[in-house]
Amino acid sequence: MSENNPHRSTWNGTGHRRRALGRLLDIAVVGAGHAGCEAALAGARLGLATALVTLDRTRVAEMSCNPAIGGLGKSQIVRELDALGGEMGRAADATAIQFRRLNASKGPAIRARRVQCDQADYAAWMRAAVEGCPGLELVEGHAVDLRVGPGGVEGVRLEDGRELLARCVVLTTGTFLGGCLHLGLECTPGGRYGEPAASGLTSALERLGFATGRLKTGTPARLRASSVRLEGLTPQPSDRVVLAFSHDHPPRPMPPGVACHLTRTTPETHAIIREGLSRSPLYTGRIRGRGPRYCPSIEDKVVRFADRDSHQVILEPTGRSQAVLYPNGISTSLPPDVQKRFVRSIPGLERAELIRPGYAVEYDFVPPTQLLPSLEARRLPGLFLAGQINGTSGYEEAAGQGLLAGVNAARKVRGQAPVVLGRHEAYLGVMVDDLVTRGTEEPYRMFSSRAELRLLLREDNAAARLQAWAERIGLLGEAVRAARRERLAQVEALVAQLGELREEGAPGRPSLARVLRRPEVRLAELAPRLGLEVSQDVLEQAEVRIKYEGYVARQLREAEKLSRLAGRPLPEGLDYHAIPGISNEIASKLTTLQPTSFAQAARVDGMTPAALMVLSFWLDHRGCVPRGTSVDGGEDA
Amino acid sequence: MILFEDTIAARATPAGVGAVAVVRLSGPGARAILEAAVRVGPKKPWEHPRRLVLSQVLDAQGRCLDQVLACFLPAPRTYTGEDMVELQGHGGEAAVGAVLGRLLELGARPALPGEFTRRAFENGRMSLDQAEAVARMVEAGSRAELLGAGRALGGELGKRLGELQEALEVALSEAEASLEFPDEEDVTRRVTVRLAPCLEALLTLDRAVRRVGDGGRPRVAVAGRPNVGKSSIINMLSGTEAALVTPQPGTTRDAVPTEVVMAGRALVLVDTAGREPEAGDHVPAGIEGSGPADEAAVRRAREQAERAELVLWVASAEPASGDTAAVRRELSAGLAWIAGLGRAGLGVANKADLLPAGIARALEEELREAGSVLLSARTGQGAEGLVARVAEELDRRQGPADGLPVSVRQAEALRRIRGALERGLENLERGAVELLAEDLREALAGVGLVRGEGIEPDSLDRIFATFCVGK
């Protein structure tokens, strides 16, 4: 690793490590992937006795698929995570080997950071963070059951008979729960290539009344870099300056040398794939779980877009040493011999050695409509779920939920109200709200178009948007908070100053803020002339804010309308079947989901304006029925 | 799906004596009320749905109130989507009142205005644009308008809106794809967001609609100084003596609305008193020194003009014998006053019969160039020209008479769509695709407003169906 790990100094613990087993923990986290690490770190850093259970302590924070962090919608999540005190941004900054700013030529709201990380460095960084965190114990074991008492969850049972007693349990099981790896027509239990699956928890959850489902995802083969001929392929070099994910890291130059390379499939590739379809688990009906449409396997692309005779493949280095390449674009579950043949039909890969084949993994998930907006299970107090178990996909999505679940578990232990971010505040808020209200049919990935207020939910203003929450949550140290407050104050001051300043001091001229609203005017060009001395990051925030002012104001008005509607509460325990005029299908969904507000009900799949009207009409005339009383009882009263 | 628990009843035919009157029932209790209300022979209407069955409506004591043809229409294939009953009885007030009264006694509730159609909408039997078309159909005052409303009821407005929505959603998905998948070659190759089909669909729609004012029929106010023949023009156009005409200037003190059909368009002509005098104006004789009643009348005239879709400014052509410019001056002064009120105006020079033929021809020519009309309300000369000009002005402002009728609310939403698309074009030109996406969403929200429903475009679904994206 290129930097010293700061955790030991930042988290100045007493060094006193209490044993997790045999005593009462505050929080037990099951699964040490991206969600689990954030959850455990958040819980422990908030001062709670936390254990992180993993099958293999050498595989903490593994990047199971491609070595990238960020991308549209996702980079905003990492920035939000960092604004609230999460770890992913710092880890990605420290281990980045290639950086690109996506949509750089487009509007600032849809620009996004994306880094390629050294996978081994990333995992090592995260493991060090976990191991160096006071109050956090990493426990190796296989969780197979939950211990449940009258008040809710009481802990986790391990396969070897040990028990972890905990006030709250966070499940972040990734693809391990009932995991099944498909490689051609062969299917072997496993959570990841070469790693066993986790069993038991699914049936434990089902016994407790949880509905569960199956999802599928996939990954391509890994190639030995020395067997690949990169000459002649189009390089995709790193941007020269890396913009850090963390608000506390300044931009820095990226040493050259690591690039991605572009190549493409050929008609021959497609012919080989078509021939192999008879041995594809996807096309022979062996895979039942639904896969992500945004991440189709190459066989899917070949079949669905039959008119295309070529698809792009991006060769991404997975580490600083560049020994292994990740061929982005050819995820597959075809048998290894077919994989080898089709890979070798791609220019540059004629002699490629497959270090390991691609595969598809099917795994259990718990449809997230069974969760409260705090990510706590409705039917089992104290149980929190985060990451792929909630039907999401992606490191960033998992980490974001992990942080929220860890924070909310800690708050529950302390008797504090949970943190629930609004759709107008953060992509994290959009994601959680989507999950708990709508659920998901395929692995859920963040897209910027999922956010109604996309122009407001930007990378540049994540800290500003979430400052109040960050203060309330309390994960950030005082020094960090002070530095961030200072930068936000600078932005405010600069925006105010630009509203006053006029070019060349001419009093009759429009203010600089007004001038800046013209798309062709850039603050970076004005700033030196004006003698403004602020950091790039402050400059950018002020500029973007001014440029989007009009649109954002309109979006905020819409958001206000939404929150006014959202403000109308829906009584708990309502039997929607008792309301005439709501179709059985919608009534069933609403009764199961028990939305707490109109806004939430409005987003339920299949909800119609007419049904909302009927619901509002019905409530107007019957009044809100308090919890526990039946609808009829309410009417009689 | 039962949306409403109660059963409503109302008379479906207009008040007054007629040969036959129809009373309707709708709701879950319609059949039970019918069974309780009538005495029937061996053939029972509820056993023979959609047939007319001779029945007697009885009062609580079993006495016959009226002999009716009863028709039972079972849900869901009815106008409201609920069980319905139609009773065709004798058209006397007493008979209808008694039958309706009996139905109410048996548990029906009097329907509110428009409630049958509202139920049809809420039960999903028709979309809001169709429900509005029903109102327009009832209101239609001419054959052309009826045809337009009929086309809207048949779903043509919905179809046109669907075309616009489709075009907008395609453009939105292209815009979104280029933002969400900046690395994907499939997307970047198609990044040109095609707005032309959206604009085309909007234009087609704009041309196909007739914008109906809040009051329903467009009002055409006839204004001018006293004694220029405003009332005579209205009488000529309506073919009646609706307005009181005397040679005495200032006879008309109150605005009198007259319904007429002109060029296939039902409209309301409003007679006004001579217009309000203003400072610096030549005060017309007849108003000068008159009492408070006259002042109130001219104030009302101004109000009428402000409410009208089109204001005719009538001047006397008589001074043209000396100087045709005097007539043109008077017309342009009047039209300026109308423009000042923010209304559309049309100049009319009346009393052409008082001019020598040569001067009349010259004046007519001059006026035509200015868009005004020369007329003689007394002889009817020039009437066709006036009707044509009125129709032309209303077409321009409201759309064709047989257009798909849209309400003020819907017309406002159409304007909103246009505004959003214009902004979108600008944003596209400067490469601000993220703002273009906002504009397209705004336009789609506008389509939803016209339809009376929310539209939540799932651009992701469309992207995955159209583009080969993903790692």
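Here's a quick rundown of the structure. (Residues numbered from 1 in each chain as written. Chains lettered and ligands numbered in written order. Predicted model: local features only at pLDDT ≥ 70, side-chain atom pairs only at ≥ 80, totals over all residues. Heavy atoms only, no water.)

### Re the overall build of chain B
No. 1: The helix and strand inventory of chain B stands at 16 helices and 15 strands.
No. 2: The buried share of chain B, taken over its 471 residues, is 52%.
No. 3: Across chain B, the fraction of contacts at a sequence separation of at least 24, relative to all contacts at a separation of at least 6, is 68%.
No. 4: For chain B, the exposed area adds up to about 20,600 Å²; of that, 53% sits on carbon and sulfur atoms. (Helix = DSSP H or I, 4+ residues; strand = E, 2+ residues; numbered from the N terminus. Buried < 20%, exposed > 50% of the residue type's maximum accessible area, 1.4 Å probe, protein only. Contact = heavy atoms within 4.5 Å. Areas by Shrake-Rupley, 256 points an atom, 1.4 Å probe, with all protein chains shown as cover.)

### Quick look at the pairing of strand E4 (residues 96–102) of chain A
Residues and elements named next belong to chain A.
No. 1: Most of E4 sits out of view: seven of its seven residues are buried.
No. 2: Where E4 and strand E5 (residues 112–117) come together, six bridges link them in antiparallel fashion. The partner of Gln98 across the bridge, within E5, is Gln116. (Pairing = 2+ DSSP bridges.)

### Focus on the state of the cysteines
Residues and elements named next belong to chain A.
No. 1: All told, the structure shown has one disulfide over all chains when counted by the stated rule.
No. 2: With a sulfur-sulfur separation of 2.2 Å, Cys180 is cross-linked through a disulfide to Cys187. Disulfide Cys180 to Cys187: torsion about the S-S bond roughly 40 degrees, handedness right-handed.
No. 3: Of the residues examined, Cys180 reaches a relative accessible area of 12% and is grouped as buried.
No. 4: Classification of Cys187 as partly exposed rests on a relative accessible area of 38%. (Disulfide = S-S within 2.5 Å.)

### Section: the packing of helix H3 (residues 74–84) of chain A against helix H10 (residues 395–414) of chain A
All names here are of chain A.
No. 1: As a packed pair, H3 and H10 sit with axes 9 Å apart at the nearest point and diverge in direction by 25 degrees. Looking at the two axes, H3 sits roughly parallel to H10. The interaxial crossing formed by H3 with H10 has left-handed handedness. In this structure, H3 uses Lys74, Ile77, Val78, Leu81 and Leu84 to contact H10, whose residues at the interface are Glu396, Glu397, Ala399, Gly400 and Leu403.
No. 2: Of the residues contributing to the contact of H3 with H10, the split by class is six nonpolar, one polar and three charged. (Axes fitted to C-alpha atoms, helices over the stretch in contact; angles between N-to-C directions. Parallel < 35°, antiparallel > 145°, perpendicular 65-115°, else oblique. Left-handed = near helix turned anticlockwise from the far one by under 90°. Nonpolar A, V, L, I, M, F, W, Y, C, P; charged D, E, K, R; others polar.)

### A closer look at the packing of helix H8 (residues 196–208) of chain B against helix H14 (residues 408–429) of chain B
All names here are of chain B.
No. 1: Interaxial distance between H8 and H14 falls to 11 Å at its minimum, and their mutual angle equals 155 degrees. For the element pair H8 / H14, the angle class is roughly antiparallel. As for how H8 packs across H14, the hand of that crossing is left-handed. Two secondary-structure elements touch here, H8 through Cys198, Leu199, Leu202, Leu203, Leu205 and Asp206 and H14 through Leu414, Ile417, Arg418, Leu421 and Leu425.
No. 2: Class assignment for the residues of the contact of H8 with H14 results in nine nonpolar, no polar and two charged.

### Overview of the nonpolar core
Burial of nonpolar side chains together is a common tendency in soluble globular proteins.
No. 1: Within the largest apolar cluster, 107 residues are counted, with the highest numbers of intra-cluster contacts made by A:Ile69, A:Tyr122, A:Leu171 and A:Leu383.
No. 2: Counting residues per element, this core draws most heavily on H10(A), which supplies nine residues.
No. 3: Counting residues in hydrophobic clusters, the runner-up holds 39 residues, among them A:Ala112, B:Ala201, B:Leu421 and B:Val433. (Core = buried A, V, L, I, M, F, W, Y, C linked by side-chain atoms within 4.5 Å.)

### Considering the packing of aromatic side chains
No. 1: A full pass over the atoms with the stated rule returns four aromatic pairs over all chains.
No. 2: Measuring from centroid to centroid gives 5.6 Å for A:Tyr294 and A:Phe447, while their planes differ by 75 degrees, and the two rings are edge-to-face. One end of the pair, A:Tyr294, is in the loop between helix H7 (267–276) and helix H8 (298–304); the other, A:Phe447, is in the loop between helix H11 (427–438) and helix H12 (462–473), and 153 residues separate them in sequence.
No. 3: A relative accessible area of 6% means that A:Tyr294 is categorised as buried.
No. 4: Residue classification places A:Phe447 among the buried positions, given a relative accessible area of 0%.
No. 5: Three or more aromatic residues joined by ring pairs make a cluster, and in this case those are A:Tyr294, A:Phe447 and B:Phe181.
No. 6: Of note, A:Arg445 hangs over the ring of A:Tyr294, and the distance from its end group to the ring centre comes to 5.9 Å.
No. 7: Over the ring of B:Phe116 we find B:Arg24, and its NZ or CZ is 4.4 Å from the ring centre. (Phe/Tyr/Trp six-rings, centres within 6.5 Å; stacked < 30°, edge-to-face > 60°. Lys NZ or Arg CZ within 6 Å of the ring centre and 35° of its normal.)

### Considering the sheet that holds strand E10 (residues 180–183) of chain A
Residue and element names in this part refer to chain A.
No. 1: Taken in spatial order, the four strands of this open sheet run E11-E10-E21-E12, and their pairing is antiparallel. Because the sheet does not close on itself, it has two edges, and the strands there are strand E11 (186–189) and strand E12 (213–219). Across the sheet, the mean angle from the axis of one strand to that of its neighbour is 25 degrees, orientation sign disregarded.
No. 2: As defined by bridge partners, E10 adjoins strand E21 (residues 359–365) across three bridges and the pair is classed as antiparallel. Looking at E21, one finds that His182 is bridged to Ala360.

### Section: helix H2 (residues 93–105) of chain B
Residues and elements named next belong to chain B.
No. 1: Along its 13 residues, H2 runs 18 Å from first to last C-alpha, staying within 8% of the 18 Å computed at 1.5 Å per residue.
No. 2: The complete set of buried residues in H2 reads Ala95, Val96, Val99, Leu100, Arg102 and Leu103. The arc that holds the buried residues of H2, viewed along the axis, is 155 degrees, so those residues lie on one side. Opposite the packed face of H2, turned more than 90 degrees from it, sit the exposed residues Ala94 and Glu105. (Expected span 1.5 Å × (residues − 1). Arc of directions from axis to C-beta.)

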